[in-house]
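Structural description and commentary
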Amino acid sequence: MTSRTPEEARKEESPAPARSAAGGPEPGVVYLVGAGPGDPGLLTRRGAELLGRADAVVHDHLAAPELLSLAPPGSKKIYVGKTGSRHTLRQDDINRLLAEEALAGRTVVRLKGGDPYVFGRGAEEALELRRRGIRFEVVPGVTSAVAAAACAGIPLTHRDLASQVVLITGREKPGKSSSSHDWAALAKMGTLAAVMGAENLPEIAGNLIAAGKDPGTPAALVQWGTTAGQRTARASLGDLPGLVKKLGLGPPALLVVGEVAGLGRELDWFEERPLFGKTVLVTRTAGQAGKLSARLAELGARVLGRPAIEIVPITPNPGLAEAVKNLRAFKHLVLTSPNGARIFMESVLAAGLDARALFGVRIAVIGPGTDAQLRPFGLKADVVPPEFIAESLLASLSREKPGPLLLARAEEARDVLPRGLADLGFEVAAVPLYRTRDAVWPDFPAAAGRTPGGGPDPGTEAGVADFLAGIDLATLTSASAARGLAAHVPENLRGLVKAVSIGPVTTREARALGLDVVAEARQATVEHLAEAAASLFPRT
Ligand code: SAH
């Protein structure tokens, strides 16, 4: 008998690969991808890569919605629900759906909360795919059992406090007559972590105590762990059900019972962050919101992204085309915004040129954000003023030798720069790159119509007031962003908007419009803007 490697043995024992009907497409692979516990940053790199090339994404309510934007724009997004017992699709139907999508030739990502094989019914999906001979892969995820605990300041193990962790489900299969948990054994374990820990919390606590667990054992319930909406109840095992009820916590929540839960208060870092529990409106344009939103989220904020303005490149733009063709005629190039830098360089590339077209041209920018936009194009600014406003840029340029200067910027920009530059002796050619216009917010204040789910019509004053009541702060990154936000809010309600401004020019504009500016960045960068927001909520 010839010996087989385990690999060969597995191949022989596997069913033949599925074939679709004659002439049908080659079946796709189903990837059972762990979406992580809720914070989109906790998706694995492999998961992100697969989402990036999925034809179909089958997701449920625990996978962070932001993750869907990683899938290609044209891909199918299929929601299969699953909130406790209220399933949108039955498990059998989900299994069938995965198979059908794969047989239609699609690359399928089955995005599952946490880890696919930790109480996620991933095994059932995999078994069904194997039975049908459809190829699948499992991409492990960060399970909420570990992550929600960590973000509540609870290490599941500790050398002196817990040498075992037991992971259980708090909701057993419906219809089971008696619990399959050995409560006496569980009561003796170091740390007990229960997913679906909210639904039957009083029974779980009761069973543990009846089996001999000390009712004084530290315990915690963590709802929506790792997300901006995380809420934690901490009490003794005996008191926890009452506290959870009082606080109104419910699924999805992780229950942790054991001495380690007592470390939670001391080791909390997550809910202590300055902007934790605050909702911050970011009105930057879609392409630019990333860095500010990420910084605010890092400080704990729930970030609501609504671009107040849209950047519309001017096309056709003969003035720009002419200037780009004759770049060598200029000694200086001045760029006054990140968008401007990007649009300018794209027009250089579009003209069949590259960074070398700027050989010998000194580049001045308004601030580090604009400078950063030049890097991908192989360029670095020569002049970055100490303060990121036109006046400071002028002061820096006054140290340069005057000559022909190209000023490329927004169409509706202030006159300060061209006039100041001319006064300094530069021969200024100003070309507009883009104009800004108020973005339409589809749900607010909804020129589009009424909210389907009742509640005030967002188009009415009550609707706007309602929206503003849900926001702790609005960030304003430019005067035009202030105008864009104000355009969405009736004048008599503007005082309700607590705004943090990126600098004095923006502050002045915002105040003139009736917005209530409560803080200003020390310097005009998104980091300083986020810091100014955080400084409004000092932790004691
Ligand atoms: N496979 C998932 C668990 C699925 S069972 C995992 O590995 O995390 C669903 C349960 O997971 C929820 O009822 C809740 O108990 C837990 N859960 C999921 N996300 C959670 C979160 N962000 N915070 C707390 N618990 C969470």
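Residues numbered from 1 in each chain as written. Predicted model: local features only at pLDDT ≥ 70, side-chain atom pairs only at ≥ 80, totals over all residues. Heavy atoms only, no water.

Digging into the nonpolar core
Judged by nonpolar contacts, the single largest core of 27 residues is most densely connected at L335, F344 and L374. If you list the elements that add at least two residues to this core, you get α11 (318-325), β16 (332-335), α12 (338-350), β17 (362-365), β18 (404-410) and β19 (427-438). Core analysis: the second largest hydrophobic core is formed by 23 residues, A194, L237, L240 and V244 among them. (Core = buried A, V, L, I, M, F, W, Y, C linked by side-chain atoms within 4.5 Å. Buried < 20%, exposed > 50% of the residue type's maximum accessible area, 1.4 Å probe, protein only. Helix = DSSP H or I, 4+ residues; strand = E, 2+ residues; numbered from the N terminus.)

Comments concerning the sheet that holds β19
Note on sheets: strands pair through backbone hydrogen bonds, and any given pair is parallel or antiparallel. Within the open sheet, the 5 strands sit side by side as β15-β19-β18-β16-β17. Their pairing is mixed. A single partner strand is all that each edge strand has here, and the edge strands are β15 (309-313) and β17. Within this sheet the neighbouring strands show an average axis-to-axis angle of 20°, counted without direction. On the sheet, helix α17 (residues 479-487) packs against β15 and β19 and is oriented at approximately 25° with respect to β19. (Pairing = 2+ DSSP bridges. Axes fitted to C-alpha atoms, helices over the stretch in contact; angles between N-to-C directions. Contact = heavy atoms within 4.5 Å.)

A few points about the sheet that holds strand β20 (residues 473-476)
Judged by pairing direction, the sheet is parallel, and its 5 strands sit side by side in the order β14-β13-β20-β21-β22 without closing on themselves. Both outer strands of the open sheet, β14 (302-305) and β22 (516-520), are each paired with one neighbouring strand and no more. Sheet twist, expressed as the average angle between the axes of neighbouring strands with direction ignored, equals 30°. Helix-sheet contacts for helix α18 (residues 504-512) involve β20, β21 (498-501) and β22, and the interaxial angle to β22 is about 165°.

Concerning the side chain of S293
In this fold, S293 is placed in helix α10 (residues 289-298). Ignoring any residue separated from it by four or fewer positions in sequence, one finds S293 in contact with V282 and V303.

Side note on the site of the ligand
What surrounds the ligand is a group of 18 residues, the closest being V118, T143, S144, M196 and A253. V118 is positioned such that a nitrogen or oxygen atom in its backbone is 2.7 Å from a nitrogen atom of the ligand. One nitrogen or oxygen atom from the main chain of A253 is found 2.7 Å from an oxygen atom belonging to the ligand. Surface burial for the ligand is 94%, taken as the share of its 550 Å² of free accessible area covered by protein chains. At the level of secondary structure, the elements contributing two or more residues to the shell around the ligand comprise α5 (144-151) and β12 (253-257). For the shell around the ligand, the class distribution of residues is 12 nonpolar, 5 polar and 1 charged. Structurally, the shell around the ligand is a two-domain feature, drawing no fewer than three residues from each of domain 1 (6-141) and domain 2 (146-267). (Near = heavy atom within 4 Å. Polar contact = N/O pair within 3.5 Å; in protein donor to acceptor, adjacent residues only side chain to side chain. Areas by Shrake-Rupley, 256 points an atom, 1.4 Å probe, with all protein chains shown as cover. Nonpolar A, V, L, I, M, F, W, Y, C, P; charged D, E, K, R; others polar. Domains from an automatic or database assignment.)

Comments concerning the confidence of the model for the protein chain
Residues with a pLDDT of 70 or more make up 89% of the protein chain, whose mean pLDDT is 89. Predicted confidence is poor over residues 8-14, with pLDDT under 50, and the contacts of this stretch with residues over four places away or in other chains come to 5 contacts. Note that residues 445-454 has pLDDT below 50 and, in this model, 15 contacts with residues that lie over four places away or in other chains. (pLDDT = per-residue confidence, 0-100.)

A closer look at the environment of V29
Topologically, V29 is positioned in the loop between α1 (6-13) and β1 (30-34). Spatially, the C-alpha atoms of V29 and L103 are 8.9 Å apart, while their sequence positions differ by 74 residues. If near-sequence neighbours (up to four positions away) are discounted, V29 is found in contact with R106, T107, V108, R135, F136 and E137.

Examining the packing of helix α14 (residues 390-397) against helix α15 (residues 416-423)
Between α14 and α15, whose axes approach to 10 Å, the crossing angle comes to 20°. With respect to their mutual orientation, α14 and α15 come out roughly parallel. The two elements α14 and α15 cross, and the hand of that crossing is right-handed. Of the residues in α15, those touching α14 at A390, E391, L393, L394 and L397 are V416, L417, G420 and L421. Its residues placed into classes, the contact of α14 with α15 shows 7 nonpolar, 1 polar and 1 charged. (Parallel < 35°, antiparallel > 145°, perpendicular 65-115°, else oblique. Left-handed = near helix turned anticlockwise from the far one by under 90°.)

Some points on the pattern of salt bridges
Throughout the structure, instances matching the rule amount to 28 salt bridges. A salt bridge links D60 to R110; the shortest N-O distance between them is 3.4 Å. Of this pair, D60 sits in the loop between β2 (56-59) and β3 (76-79) while R110 is found in strand β6 (residues 108-112), placing the two residues 50 residues apart along the sequence. Looking at D60, the relative accessible area reads 7%, which means it is buried. On the basis of relative accessibility, which here comes to 0%, the residue R110 falls in the buried class. The residue D382 makes a salt bridge to R362 at a minimum N-O spacing of 3.9 Å. With D382 in the loop between α13 (368-374) and α14 and R362 in strand β17, the pair connects residues that are 20 residues apart, well separated along the chain. (Salt bridge = Lys/Arg side-chain N within 4 Å of Asp/Glu carboxyl O.)

Re the packing of aromatic side chains
Under the definition given, this model contains 2 aromatic pairs. With centroids separated by 5.2 Å and ring planes inclined at 85°, the aromatic side chains of W269 and F270 adopt a geometry described as edge-to-face. Residues F270 and F276 carry aromatic rings whose centres are separated by 5.8 Å and whose planes lie at 65° to one another, so their mutual orientation is edge-to-face. As far as burial versus exposure is concerned, F270 and F276 are alike and both buried. Here the aromatic cluster, defined as three or more aromatic residues joined through ring pairs, consists of W269, F270 and F276. (Phe/Tyr/Trp six-rings, centres within 6.5 Å; stacked < 30°, edge-to-face > 60°.)

Quick notes on unusual backbone geometry
In this chain, P251 is followed by P252 through a cis amide linkage whose omega measures -5°. Looking at the element boundaries, P252 is found in the loop between α8 (240-247) and β12. The amide bond that connects T315 to the next residue, P316, takes the cis arrangement and shows omega of -10°. Along the polypeptide, P316 turns up in the loop between β15 and α11. Although it is not a glycine, R121 sits at a positive phi angle of roughly 65°. Inspection of the secondary structure puts R121 in the loop between β6 and α4 (122-131). A residue is classified by how much of its surface remains accessible, and R121, at 36% relative accessible area, is partly exposed. For W224, which is not glycine, the phi dihedral falls at a positive 45°.

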